[in-house]
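Each chain, letter by letter, is given below.
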Amino acid sequence: GAVVSQHPSWVICKSGTSVKIECRSLDFQATTMFWYRQFPKQSLMLMATSNEGSKATYEQGVEKDKFLINHASLTLSTLTVTSAHPEDSSFYICSARDFRQGADHEQYFGPGTRLTVT
Amino acid sequence: AQSVAQPEDQVNVAEGNPLTVKCTYSVSGNPYLFWYVQYPNRGLQFLLKYITGDNLVKGSYGFEAEFNKSQTSFHLKKPSALVSDSALYFCAVRAANQGGKLIFGQGTELSVKP
């Protein structure tokens, strides 16, 4: 199988603080992971592509200094929301791309992290 | 530009009736098409995909989808809906030459009533 986990599943933080969200591929190595943001009952918006051992590639309009991405190992990518504000409150979902033979480079999604900034 | 459209924000179906969730796409080259389902406060679960081969693709939980090249559509179907199928459904296309990015439709909320 291909399982992706996220931690924490939900977090409440105060405005101005930073929050780190982890995304792990549990049974496969993922050189590429993706971070999405989702507002209630809306589609997923790709924020950035996380590449192991190199800098993330951010989508247009996403602030690199606000949403720090680190992909230091083949099974872990982290998203840090720096100096969080209430407008950063959202559902953050990661996915990991499976390059194993026969996997068709498919993406597997984590369960998501609900961030609430007060 | 590559895009995916789901023309219906919501689909309402009675339990036991067939359901269809519509999706049309616009891509350059051969499309890789996907359907995902999302339950409240959950990540996305993969239902099925079309890459090549038979136009009728069978997936999880009794769902299937038909790839129609001439109509650039990839509608999701199920012969007999269950109340537990109520969820948010996303169609997606894998962008060509963009490192595997998925482009999602806006989502369709399926409501199955007893």
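Cut-off values and rules
Residues numbered from 1 in each chain as written. Chains lettered and ligands numbered in written order. Predicted model: local features only at pLDDT ≥ 70, side-chain atom pairs only at ≥ 80, totals over all residues. Heavy atoms only, no water. Buried < 20%, exposed > 50% of the residue type's maximum accessible area, 1.4 Å probe, protein only. Helix = DSSP H or I, 4+ residues; strand = E, 2+ residues; numbered from the N terminus. Pairing = 2+ DSSP bridges. Polar contact = N/O pair within 3.5 Å; in protein donor to acceptor, adjacent residues only side chain to side chain. Contact = heavy atoms within 4.5 Å. Buried area = accessible area lost by both parts, 1.4 Å probe. Salt bridge = Lys/Arg side-chain N within 4 Å of Asp/Glu carboxyl O. Nonpolar A, V, L, I, M, F, W, Y, C, P; charged D, E, K, R; others polar. 1 Å grid on protein atoms, 1.4 Å probe; cavity = no way out; pocket = protein on both sides within 12 Å on 5 of 7 lines; lining within 4 Å. Points joined across faces, edges and corners; volume = space filled by probe spheres on them.

Q: Account for the pairing of strand β9 (residues 73-78) of chain B, with residues named and values stated.
A: All names here are of chain B. In terms of burial, β9 is largely enclosed, as five of its six residues are buried. Inspection of the sheet shows strand β3 (residues 19-21) paired to β9 by three bridges, in the antiparallel sense. In the strand pairing of β9, Leu19 is matched with Lys78. Bridging between strand β8 (residues 64-68) and β9 involves five bridges; their strand directions are antiparallel. Each bridged residue has a counterpart across the sheet, and for Glu64 the counterpart in β9 is Lys77. Turn length for the β8-β9 hairpin, with the two strands adjacent in sequence and antiparallel, is four residues, and the turn residue Thr72 shows positive phi of about 45 degrees.

Q: Which residues make up the side chain of Gln6 of chain A, and what are the values?
A: Residues and elements named next belong to chain A. Counting through the fold element by element, Gln6 comes out in strand β1 (residues 4-7). Judged by relative accessible area, which is 8%, Gln6 ranks as buried. A distance of 2.9 Å separates a polar side-chain atom of Gln6 from the backbone nitrogen of Gly112. Contact partners of Gln6, with chain neighbours within four places excluded, come to Ile21, Glu22, Cys23, Trp35, Tyr92, Ile93, Cys94, Gly110, Pro111, Gly112 and Thr113.

Q: Please give an account of the interface of chain B and chain A that cites residues and values.
A: Residue-level contacts link 21 residues of chain B with 23 residues of chain A. Taking both partners together, chain B and chain A bury about 1600 Å²; carbon and sulfur atoms supply 48% of that area. One can count one salt bridge joining chain B with chain A. Across the salt bridge formed by Lys101 of chain B and Glu59 of chain A, the nearest N and O atoms sit 2.9 Å from each other. Our enumeration of links across chain B and chain A arrives at six residue pairs in polar contact (both at pLDDT 80 or more). Contributions of two or more residues to the side of chain B that touches chain A are made by β5 (32-38), β6 (44-50), β10 (87-94) and β11 (102-104) of chain B. Among the residues forming the side of chain B that touches chain A, the class breakdown is nine nonpolar, seven polar and five charged.

Q: Summarise the layout of surface pockets; cite the residues concerned and give the values.
A: Looking at the largest pocket, its volume works out to about 330 Å³. Every residue lining the largest pocket is counted, 16 residues in all, and those nearest its centre are Lys41 of chain A together with Tyr39, Pro40, Asn41 and Leu88 of chain B. Of all the secondary structure elements, the ones that give two or more residues to the lining of the largest pocket are β10 and β12 (108-113) of chain B. In terms of residue class, the lining of the largest pocket is built from eight nonpolar, four polar and four charged. Taken as a whole, the second largest pocket spans an internal volume of roughly 190 Å³. Around the second largest pocket sit 13 residues that line it, and Met45, Leu46 and Glu59 of chain A together with Lys101 and Leu102 of chain B are the ones nearest its centre. Elements supplying a minimum of two residues to the lining of the second largest pocket: β5 (44-51) of chain A together with β11 of chain B. Here the lining of the second largest pocket is composed, by residue class, of eight nonpolar, three polar and two charged.

Q: Describe the pattern of salt bridges, and please don't skip the residues or the numbers.
A: All names here are of chain B. Counted under the stated rule, the structure contains five salt bridges over all chains. For Glu64, the salt bridge goes to Lys58, with nearest N and O atoms at 2.9 Å. On the basis of relative accessibility, which here comes to 63%, the residue Lys58 falls in the exposed class.

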